[in-house]
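Understanding the architecture of this molecule
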Amino acid sequence: MNFQQNNLKSATSPYLKQHENNPVWWQSWSDEVLIHAKKVNKPLLISIGYSACHWCHVMEHQSFENKEVAKVMNDNFVCIKIDREERPDLDALYMNVSQLIHQSGGWPLNVFALPDGRPFYGGTYFPKAQWIELLENINHLYHHNQAKTMEYVNSIADGLNKMETIELKSSSTFSTNKIDETFEFWQQQFDDEWGGFNRAPKFMLPNAWETILRYGTQTKNENCLIQTKITLDRMPFGGIYDQLKGGFSRYSVDPYWKVPHFEKMLYDNGQLLSLYSNAYKVFGEEEYKTVVEETINWLKDEMLSPESVFYAAIDADSEGEEGKYYVWKSDELKTILKNDFDLFQQYYNVNEFGEWEHGNNILMRLTDDEDFANQQNISYEALQAKVSEWKNLLNPIRVQRIKPHRDKKVLTSWNALTIKGLCDAFITFENDEYLDLAKNATNFILENQWNGEVLFRNYKDNQTTIPGFLDDYTLIIEALIKLYETTSEINYLETAQTFTEETFNQFYNQKNKMFAYKSHYDTPLVNETFEIYDNVISSSNSVMANNLFKLGKILNQEKYIEQAKQMLTNIEEKIHDYPTGFANWIQLYLNFAYSFKEIVIVGENALKFSKQIQQCYVPNAIFVASKTENLEITQNRFIKNKTSIHICENYTCQLPVYSVKEAYKNI
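Computed from a prediction, not measured in an experiment: that's the story for all the values here.

This paragraph deals with the packing of aromatic side chains. Applying the stated criterion across every chain yields a total of 49 aromatic pairs. Ring centres of Trp186 and Phe197 lie 6.2 Å apart, and the angle between their planes is 10 degrees; this geometry places the pair in the stacked category. With a gap of 11 residues between them, Trp186 in helix α8 (residues 176-187) and Phe197 in the loop between α8 and β6 (202-203) connect regions that are remote in the sequence. Of the two residues examined, Trp186 and Phe197, each falls in the buried class. On the basis of an interplanar angle of 35 degrees and a centroid distance of 4.5 Å, the ring pair of Phe203 and Tyr251 is categorised as tilted. Of this pair, Phe203 sits in strand β6 while Tyr251 sits in strand β7 (residues 251-252), and the two are 48 residues apart along the sequence. Grouped by ring-pair contacts, the aromatic residues Trp26, Phe64, Phe77, Phe112, Phe126 and Trp131 constitute a single cluster. The ring of Trp194 carries Arg234 above its face, with NZ or CZ at 4.4 Å from the centroid.

Next up on the list: the state of the cysteines. Under the defined criterion, the tally for this structure stands at 2 disulfides. Put simply, Cys53 and Cys56 are joined by a disulfide, and their sulfur atoms are 2.3 Å apart. Here the disulfide of Cys53 and Cys56 is right-handed, its torsion about the S-S bond being about 80 degrees. The exposure class of Cys56 is buried, given its relative accessible area of 2%. Here Cys648 engages in a disulfide with Cys653; their sulfurs sit 2.0 Å apart. In this structure, the disulfide formed by Cys648 and Cys653 twists by about 95 degrees around the S-S bond and is classed as right-handed. Of the residues examined, Cys648 reaches a relative accessible area of 3% and is grouped as buried. Owing to a relative accessible area of 32%, Cys653 belongs among the partly exposed residues under this scheme. Each disulfide in the protein links cysteines that, numbered along the sequence, combine into the pattern 1-2, 3-4.

So, how was this worked out
Once a new chain begins, its residue numbering starts again from 1 and follows that chain's sequence as written. At least 70 in pLDDT is required for a residue's local features to be given in this predicted model, at least 80 for side-chain atom pairs to be given and counted, and no such filter applies to totals for whole chains, interfaces and linings, which use all residues. Side-chain descriptors were evaluated using all non-hydrogen atoms of the structure, hydrogens and water having been removed beforehand. Classification of ring pairs rests on two measures: the distance between centres of Phe, Tyr or Trp rings, Trp counted by its six-membered ring, which must be within 6.5 Å, and the angle between planes, read as stacked under 30 degrees, edge-to-face over 60 and tilted in between. What counts as a helix is a DSSP run of H or I of at least four residues, what counts as a strand is a run of E of at least two, and both are numbered from the N terminus. Only protein chains enter the accessibility calculation, which uses a 1.4 Å probe; a residue is then buried when its area is under 20% of its type maximum, exposed when over 50%, and partly exposed in between. We call a charge positioned over a ring when the NZ of a Lys or the CZ of an Arg lies within 6 Å of the ring centre and within 35 degrees of the ring normal. Here, two cysteine sulfur atoms that lie within 2.5 Å of each other are counted as a disulfide.

Dropping the structure here:
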């Protein structure tokens with residue numbers, strides 16, 4: 001391989017291919033590149049980003065496309081480009097370096113390391129002049145002060161080891177009092193007016209609101225229910241939601257959900273399908289149904305591949321400007337809408353509040369349709385017709401604009417989140433198409449990204465190149481459990497168990513009884529990493545622990561439940577000071593602290609009854625429906641010519657009932 005050139009033309013990642021014409025001699029991450037770096041004795045310059053990242057594009061334009069900057073980089077470093085979505089293991093390692101040095105992180109992430117990959121400095125975005133100065137300083141440090149360089153290497157390695165140390169804890173009691181206190185503390189962080197948490201930028205964090213919704217429902221905590229509803233009402237009113245087409249952007253830069261970071265990520269929208277579907281069961285808001293319908297329609301139109309699996313992301317930028325595809329100027333809208341402009345202007349706040357920059361307006365709402373119709377003295381039905389008319393008018397015009405770049409790689413973990421979301425939407429709204437979409441995506445992954453031994457993370461251009469990480473395994477297990485509960489098809493449960501055993505085989509750490517993020521077959525660069533903090537996606541260990549609890553209940557495998565309990569015990573003391581970072585762990589805590597039910601339905605109408613019961617919001621239960629006694633949990637429960645519903649807790653059951661109406665009384 002010729003390392004004195006840009007070698008990204010052979011990459012499959014759309015993000016890497018965006019940089020294939022840079023004058024920088026970019027390389028993909030590989031052992032061959034590290035061997036070359038050692039041979040020429042140059043430090044690594046590792047630049048990490050993703051295709052929809054706005055500031056990644058800015059730094060590329062300012063520095064990586066500049067021949068002067070590229071010469072400094074090429075002369076002094078072996079330059080490596082990494083797509084964080086393909087290699088979250090490397091991203092997590094090097095992001096921790098930035099966190100250690102600066103107490104902050106983000107993308108683009110730029111890290112300097114020894115030729116073997118051990119880091120000694122890192123940061124995020126650097127303007128051109130600052131970047132050149134940093135390059136020269138790092139080069140001088142590496143070649144003229146080896147002792148200081150190694151001091152930094154060892155100091156960072158120590159810090160990384162401390163960050164990743166998880167001690168094996170002795171068993172503890174998960175008390176309702178302690179988790180109640182946690183929620184009292186958590187509620188102090190709510191934004192009572194605009195929803196979400198009282199900070200900016202504001203992320204949607206669907207896993208947090210799933211947990212708060214569950215707790216509010218299960219304990220009848222009115223404040224948690226009210227705050228969840230405020231949040232779920234406000235988010236689709238804001239610019240963070242695409243008012244014309246559906247689908248959510250990644251986050252808003254302000255507290256009002258107004259100005260989004262316009263990139264649209266599959267993982268956000270997949271999780272929000274689950275959240276809004278479940279919230280509809282509790283609140284019955286038609287707006288939530290609309291959000292789900294529009295988001296799924298957007299997924300079908302913009303994110304669904306010809307193979308019926310979902311793409312990763314859509315960029316924030318088009319024509320070099322963030323949000324250009326989505327915003328509107330007043331004069332443009334006046335010309336298009338004519339006499340309707342005044343009503344449209346008030347509905348979507350095309351005014352000082354909705355104005356963004358350069359005379360552009362972000363369409364957003366401040367009230368629901370019923371209230372707005374009353375304010376305007378028109379009927380609700382007339383307003384609905386107008387809104388539909390506006391969307392039908394503006395969408396064909398918008399689609400003529402230059403579209404943002406779409407990242408067409410397929411990621412197993414993000415598809416799994418979407419599969420689960422589609423199942424939740426199917427259960428709530430009984431639209432068969434939603435289940436078909438979920439099944440088709442699942443079939444594709446099992447046929448193309450699983451070879452019977454390795455689950456691959458990515459798929460692009462008929463290639464799977466990266467073995468899966470812990471989140472790929474745990475999230476597909478979670479999706480398969482949901483598919484089993486939704487369809488009662490035993491093959492989904494069997495495949496979930498196969499992946500579970502493979503996860504133990506590849507990722508389990510006997511010392512701390514947690515799961516490493518990378519397979520044991522892959523040698524760590526610095527240390528073994530354990531993902532425990534929930535972020536915009538739940539941590540892979542928290543997902544695995546919840547999976548083990550549910551599979552333990554369904555399969556009557558006490559060892560799985562004990563393993564889940566040990567994992568929760570290991571991190572339990574961290575939960576109470578930082579609930580947002582452990583939102584999905586709290587779901588597991590609630591399983592142990594409060595009642596959790598096994599709902600077992602056996603007989604000819606088992607699936608029908610199961611679907612009907614799941615129309616009700618029952619987050620503290622697993623559902624097993626079968627026409628026969630095909631699992632241990634269904635044994636001795638078949639009654640000829642009847643469908644029996646058994647509501648149990650810790651395998652102690654009430655007397656069976658024979659109608660959904662009776663079952664509701666006991667749930």
